[in-house]
Amino acid sequence: MPSFQPMLSLWEEPEKGYRDRLVARSSDRVAWLKARSRGITATDAARLSSPASVTAVVLDKVHGSGFGGNVYTDHGRAREPEIARWVHGNFGIAPSDGLFHAHGQRTHLATPDGVGGTDEAGILLAEIKTTKSAWASIPRSYLRQVWWQQYVLGAERTLLVWEQHLDFVPVDTVPECRWIERDENEIYRLIRLADRVLEQVQAMRVAFREPTR
């Protein structure tokens, strides 16, 4: 099957324009959460593994997921600034709390953990994870999250950085990392699934507003 080669004008713009697409900052949590609720984020995209997964994301968008975090997410939030400093010092990718929308798509959103200087490929992003397990390979959901972020910001490469812990104590003195390249076919697939989610969310919200007879 031939690979899909999208046109630049369909969902991308030159990297220099991403700063103009800032929607909110996570430091303003109320505004950040409100903006995220109106679109598809990289966290949502990570769950879009198949057409069947659309329903679960739709229901969470309409009714709320009910997940408020746990000890593992608390640990990740506590470690992220330290790992981000390591990323900045070694790769020049600065920490970021900006929520951006895609070019021409205000409901396609992403908050990468780092946005940095460019190399010959353009913008460099960073995504930081903590895990209690050793990875034989990068979890597919994290790859989907990364590809979505690349699409939204117009980036070609992301440094995925992960730190393993044992009982919430880092196993190694430095985290592990790997460059993830942009995948147009996967991005195209995610966009189609994301738009399906948004269509169904809108339909459900309209139905809820209609008076019962």
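Because the structure is predicted, anything quoted here is derived from the model rather than measured.

Analysis parameters
- Residues numbered from 1 in each chain as written.
- Predicted model: local features only at pLDDT ≥ 70, side-chain atom pairs only at ≥ 80, totals over all residues.
- Heavy atoms only, no water.
- Helix = DSSP H or I, 4+ residues; strand = E, 2+ residues; numbered from the N terminus.
- Buried < 20%, exposed > 50% of the residue type's maximum accessible area, 1.4 Å probe, protein only.
- Contact = heavy atoms within 4.5 Å.
- Phe/Tyr/Trp six-rings, centres within 6.5 Å; stacked < 30°, edge-to-face > 60°.
- Lys NZ or Arg CZ within 6 Å of the ring centre and 35° of its normal.
- Patch = residues over 30% accessible without salt bridge, like charges linked within 9 Å, V, L, I, M, F, W, Y side chains within 5 Å.
- Areas by Shrake-Rupley, 256 points an atom, 1.4 Å probe, with all protein chains shown as cover.
- Salt bridge = Lys/Arg side-chain N within 4 Å of Asp/Glu carboxyl O.
- Pairing = 2+ DSSP bridges.
- Axes fitted to C-alpha atoms, helices over the stretch in contact; angles between N-to-C directions.

**A short note on the side chain of H108**
- Along the polypeptide, H108 turns up in strand β4 (residues 105-110).
- For H108, a relative accessible area of 0% translates into the label buried.
- Not counting residues within four places of it along the chain, the set of residues in contact with H108 comprises I40, F100, H101, A102, W148, Y151, V152, I191, D195 and L198.

**A few points about the packing of aromatic side chains**
- Under the counting rule described, the total for this entry stands at 7 aromatic pairs.
- With 6.1 Å between their ring centres and 85° between their planes, F91 and W179 make a pair best called edge-to-face. Of this pair, F91 sits in helix α5 (residues 71-91) while W179 sits in strand β9 (residues 176-181); the two residues are 88 residues apart in sequence, bridging distant segments of the chain.
- A centroid spacing of 4.8 Å and a plane angle of 25° characterise the contact between W135 and W162, whose relative ring orientation is stacked. Of the two residues, W135 is situated in the loop between β6 (122-131) and α6 (140-153) and W162 in strand β7 (residues 157-166); the sequence distance between them amounts to 27 residues.
- You can call W162 buried: its relative accessible area is 6%.
- Taken together, the ring pairs in this structure connect W86, F91 and W179 into an aromatic cluster.
- Above the plane of the ring of W32 lies R36, whose end atom (NZ or CZ) is 4.5 Å from the centre.

**Here we look at a nonpolar patch on the surface**
- A cluster of nonpolar side chains, contributed by V71, Y72 and F168, occupies part of the molecular surface with about 280 Å² of accessible area.
- Among the structural elements, Y72 can be located in helix α5.
- Take Y72: its relative accessible area is 40%, and that puts it in the partly exposed class.

**Some points on the pattern of salt bridges**
- Per the stated rule, a full pass over the model turns up 11 salt bridges.
- Measuring nitrogen to oxygen at the nearest pair gives 3.3 Å for the salt bridge that ties K129 to E127. Each of the two residues, K129 as well as E127, counts as buried.
- Between E186 and R140 there is a salt bridge; the shortest N-O distance is 2.8 Å. On the criterion of sequence distance, the pair formed by E186 in helix α7 (residues 184-209) and R140 in helix α6 is long-range, its members being 46 residues apart.
- Overlapping salt bridges bring together R140, E186 and R189 as one network.

**Focus: the sheet that holds strand β1 (residues 22-25)**
- The strand order β1-β3-β4 describes an open sheet built from 3 strands, whose pairing is antiparallel. In the strand order of this sheet, the two ends are held by β1 and β4, each with one partner. Each strand of the sheet is rotated relative to its neighbour by a mean of 35°, with strand direction disregarded.
- As judged from the 3 bridges shared by β1 and strand β3 (residues 98-102), these two strands associate in the antiparallel manner. For L22, the partnering residue across the bridge sits in β3 and is F100.
- On the sheet, α6 packs against β3 and β4 and is oriented at approximately 135° with respect to β4.

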